[in-house]
Amino acid sequence: MAKPTPVASAEEAAAMRRRLRRLVAAVAAGGADAEAFDDAAEALAKLRDAELGPRKDNRAGDADGGRNKRRTEAAVPEHFLCPISSEIMRDPVVLASGQTYDRRFIQEWLSAGNRTCPQTQQVLSNTIIIPNHLVRSMISQWCTDNGITLSPFENQDEDLVKNNERKTFSKIFERIASSSNLSEQREAIKDLRLLTKCNSSLRAAIGEKPDSISQMISVASNPELENNAEVLEDMVTTILNLSIHESNKKIIGDDPLAIPFLIRTLQSGTMEARSNAAAAIFSLSALDSNKVKIGELGVMRPLVDLLEHGSMIAKKDAASAIFNLCMLHENKSRATKSGVIDVTLKAIADDSLMDESLAILALLSGDHETVEEIDETGGVASMLHVIKEDQCKRNKENAVAVLFAVCMYDRTKLREVAEHEKLNGSLAWLTQNGTSRARRKAAGILDKMKRTLHQPHYSC
């Protein structure tokens, strides 16, 4: 059977692949709407047809031999391959850089002590990896269409935890539990931090002794350890390291001492400890059940304070945690009441944390209370400035989404927007050149302006 002749030219196919990578990255970053998912699926379908030819419904005669032929003939989409192994990803995950890798290979990279993205060489703000469910679904569909069977995902807990790790884990916690030797306790906690940083097997071992986290935190109640900044840094970083393992997120979230300990560290720890506490909150908040608990325990105010006053790395960790937590509706109001609107608008005005601040505001703009505060604190001018001046399409998209929400809430702002539009034409440009979401929001504002400002006797 001859190999299908590509329908598109090499240049057209390359452009399709670039567009698909951008769409998948946007969806994986979180906060995407249904249209973004549809755009990604449509782009994948177009690329498949362009490279393999139109799909045929009649697949009669394709026995095992036919499936094997399709496997060798079908060109695997580039974004389905792990950049490290060059193999089809079985468990795709997103790194802090926004790049997607197969879990097994990126964990090996991180466990070796690397703190950069293998593709972009960007220094990572954290080593948290998040499942990329969209890419996994797309790979699964592609494999089904092409008769390819991938080996099942490994059971991490059974495969990773070995007898040596069990023994090591037990010995460390025996040392931590020793109340007669504070020096030995400090060294054991530091050893646990270092081992959980680079040993994925040891991270998985916590599942066999879930009460170990409370045991470690309880030890710190000793005044001589409680006031030791280095010990607290080691403990909070250990919790962060443990939270990287997917199964541990629920274990840590269910522990009665873990989240309150992280919140206390956010409030009074060293900058490194506060940054790692925020990163741990971000990691744990991947579970909806943890979002509820963390929000209810009062994490928003210390996170917003860190977003305003922390180091640049700490601010990024705080912003990531706030964004993730606000995926839960109840936490949006908590973030607003904690002052996140004022802090993010100041960051935008200072051209600092632009991407993160706009993403948070766009996420919160679906909440009436938030929109009201954005309206009252000069948010319209900030969003118009971003739409006109910022070169990042994603930032323009988030800014126009916020502006749309404000204009729908308070039509008196339409006059200000209309005057800006008359001078700059930013919204009209966006309707032609923005992302699909940005085009839709910009067109909605322009339509609202046309219908409202042209009404007889209208006055702002």
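Before reading further, recall that the structure is shown in the block above.
What this report covers is the structure whose coordinates are included nearby. Given the structure is predicted, the values throughout are model-derived calculations rather than measurements. In this convention, every chain numbers its residues from 1, walking through the sequence in written order. Totals for whole chains, interfaces and linings use all residues, but because this is a predicted model, local features are given only for residues with pLDDT of at least 70 and pairs of side-chain atoms are given and counted only at 80 or more. Computation of side-chain values: all heavy atoms of the structure, hydrogens and water removed.

1. Points about the overall build of the protein chain
Point 1. A count of helical and extended segments in the protein chain gives 27 helices and three strands.
Point 2. The rule is simple: take the accessible area with a 1.4 Å probe, protein chains only, and divide by the maximum for that residue type; under 20% is buried, over 50% is exposed, in between is partly exposed. Considering the protein chain as a whole, with its 460 residues, one finds that 50% of them fall into the buried category.
Point 3. A contact between two residues is defined here by any heavy atoms of the two lying within 4.5 Å. Residue pairs in contact within the protein chain that sit at least 24 positions apart in sequence constitute 67% of those at least 6 positions apart.
Point 4. In the structure as shown, the protein chain presents an accessible area of about 21800 Å², 50% of it carried by carbon and sulfur atoms. Secondary structure counts use DSSP, requiring at least four H or I residues in a row for a helix and at least two E residues in a row for a strand, with both numbered from the N terminus. Working definition of accessibility: Shrake-Rupley area with a 1.4 Å probe, residue cover restricted to the visible protein chains.

2. Notes on the packing of aromatic side chains
Point 1. Stacked, tilted and edge-to-face are the three classes applied to pairs of Phe, Tyr and Trp rings, where Trp contributes its six-membered ring and a pair requires centres within 6.5 Å; stacked means planes under 30 degrees apart, edge-to-face means over 60, and tilted covers the rest. Under the defined criterion, the tally for this structure stands at two aromatic pairs.
Point 2. Aromatic side chains Phe80 and Trp142 sit 6.1 Å apart centroid to centroid with 70° between the ring planes, which places their arrangement in the edge-to-face category. Within this pair, whereas Phe80 is found in the loop between α3 (64–73) and β1 (92–94), its partner Trp142 is found in helix α5 (residues 133–145), the two being separated by 62 residues in sequence. Here Phe80 and Trp142 have matching classes, each one buried.
Point 3. Ring geometry for Phe169 versus Phe173: centroids 4.8 Å apart, planes at 40°, classification tilted. With Phe169 and Phe173 both in helix α7 (residues 163–176) and four residues apart, the pair spans about one turn of that helix. In terms of burial, Phe169 and Phe173 fall into one category: buried.

3. Overview of the sheet that holds strand β3 (residues 130–131)
Point 1. Ordered in space as β2-β1-β3, the three strands form an open sheet in which the pairing is antiparallel. Each edge of the open sheet carries a strand with a single partner, namely β2 (100–102) and β3.
Point 2. In this scheme, strands are said to pair when DSSP sees at least two bridges between them. By the bridge criterion, three bridges tie β1 to β2 in an arrangement that is antiparallel. Directly across from Pro92, in β2, lies its bridge partner Asp102.

4. Examining helix α22 (residues 368–376)
Point 1. Those residues of α22 not exposed but buried are Thr370, Val371, Ile374 and Asp375. An end-on view of α22 places all buried positions within 140° of arc, on one side of the element. Relative to its buried face, α22 has exposed residues pointing more than 90 degrees away, namely His368 and Glu376.
Point 2. One or two positions beyond α22, positive phi appears at Gly378, with a value near 80°. Each direction from the helix axis to a C-beta atom contributes to the arc, which is the arc of those directions.

5. Topic: the packing of helix α21 (residues 354–364) against helix α24 (residues 393–409)
Point 1. Remark: α21 packs on α24, axes separated minimally by 9 Å, with the N-to-C direction vectors making an angle of 35°. Like other packed secondary-structure pairs, α21 and α24 cross with a definite hand, here left-handed. Residues Met354, Asp355, Leu358, Ala359, Leu361 and Ala362 of α21 lie in contact with α24, whose contacting residues are Asn395, Asn398, Ala399 and Val402.
Point 2. Of the residues assigned to the contact of α21 with α24, the class counts are seven nonpolar, two polar and one charged. In this description, a line fitted to the C-alpha atoms serves as the axis of each element, helices being fitted only across the stretch in contact, and the angle between N-to-C directions of two axes falls anywhere from 0 to 180 degrees. A clockwise turn of the near helix away from the far one marks a right-handed crossing, whereas an anticlockwise turn of less than a right angle marks a left-handed crossing. Side-chain classes are defined by residue name, with Ala, Val, Leu, Ile, Met, Phe, Trp, Tyr, Cys and Pro counting as nonpolar, Asp, Glu, Lys and Arg as charged, and the others, Gly among them, as polar.

6. Details of the pattern of salt bridges
Point 1. Salt-bridge detection follows one rule: a side-chain nitrogen of Lys or Arg within 4 Å of a carboxyl oxygen of Asp or Glu. Applying the stated rule across the entire model yields 20 salt bridges.
Point 2. We note a salt bridge from Glu389 to Lys388, for which the minimum N-O separation is 2.5 Å.
Point 3. The class of Glu389 is partly exposed, set by a relative accessible area of 38%.
Point 4. For Lys388, a relative accessible area of 38% puts it in the partly exposed group.

7. Quick word on helix α26 (residues 426–433)
Every α-helix winds through 3.6 residues per turn, so residues three or four apart in the chain are directed the same way.
Point 1. Those residues of α26 that sit buried are Ser426, Leu427, Leu430 and Thr431. Down the axis of α26, the buried set is contained in an arc of 140°. They therefore lie on one face.
Point 2. Contacts made by the buried residues of α26 are with α23 (379–389), α24, α25 (414–424) and α27 (436–453).

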